[in-house]
Amino acid sequence: MYKEVLRSIENIEIYPIISLLIFVLFFVAMLLWVIKVPKSYIDHMRSLPMEEDDIIKKEP
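Residues numbered from 1 in each chain as written. Predicted model: local features only at pLDDT ≥ 70, side-chain atom pairs only at ≥ 80, totals over all residues. Heavy atoms only, no water.

Asker: Just checking my understanding: could you explain the confidence of the model for the protein for this structure?
Answerer: In low-pLDDT regions, the fine details of the predicted coordinates are not to be read closely. Taken residue by residue, the protein gives an average pLDDT of 83. The fraction at 70 or more is 82%. The spread of mean pLDDT over the elements of the protein runs between helix α3 (residues 39-58), the lowest at 73, and helix α2 (residues 14-36), the highest at 96. (pLDDT = per-residue confidence, 0-100. Helix = DSSP H or I, 4+ residues; strand = E, 2+ residues; numbered from the N terminus.)

Below you can see the structure in the form of structure tokens.
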């Protein structure tokens, strides 16, 4: 039943191609960002959870 409904829609074959293209572009963009991100930014983000815990513990 579902096959017949999908076959009746015009140009339905473009949607899987668009979905795959978006998927691949997103992960390529993320890969490029991971490769190019500065090491100092990674170190800063890594230490954030510890800094927040220290601030919370020192306040009371």
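Asker: Whenever I open this one, the packing of aromatic side chains confuses me. Can you help?
Answerer: Describing an aromatic ring pair means giving the distance of the ring centres and the angle of the ring planes. In this structure the tally under the stated criterion is three aromatic pairs. Seen from their ring centres, Phe26 and Phe27 are 5.1 Å apart, and the 85° between their planes marks the pair as edge-to-face. On the basis of relative accessible area, Phe27 is assigned to the partly exposed category, the value being 46%. An aromatic cluster is present here, built from Phe23, Phe26 and Phe27 joined pairwise through their rings. (Phe/Tyr/Trp six-rings, centres within 6.5 Å; stacked < 30°, edge-to-face > 60°. Buried < 20%, exposed > 50% of the residue type's maximum accessible area, 1.4 Å probe, protein only.)

Asker: Can you walk me through unusual backbone geometry in this structure?
Answerer: Working note: non-glycine residues mostly have negative phi, and peptide bonds are mostly trans. With phi around 55°, Asn11 is a residue other than glycine that occupies positive phi space. Residue position: Asn11 is located in the loop between α1 (2-8) and α2.

Asker: For this particular structure, what's the right way to read the pattern of salt bridges?
Answerer: Side-chain pairs of opposite charge can arise where the charged atoms are in close proximity. Throughout the structure, instances matching the rule amount to two salt bridges. With a shortest N-O distance of 3.7 Å, Asp43 and Lys39 are connected by a salt bridge. Of this pair, Asp43 and Lys39 are both found in helix α3, four residues apart, which corresponds to roughly one turn of the helix. Taking the relative accessible area as the measure of exposure, Asp43 reaches 34% and is therefore partly exposed. On the basis of relative accessible area, Lys39 is assigned to the exposed category, the value being 56%. Measuring nitrogen to oxygen at the nearest pair gives 2.9 Å for the salt bridge that ties Arg46 to Asp43. Placement of both Arg46 and Asp43 in helix α3 is noted, with a separation of three residues, approximately one turn of the helix. Connected through salt bridges with shared partners, the residues Lys39, Asp43 and Arg46 form a single ionic network. (Salt bridge = Lys/Arg side-chain N within 4 Å of Asp/Glu carboxyl O.)

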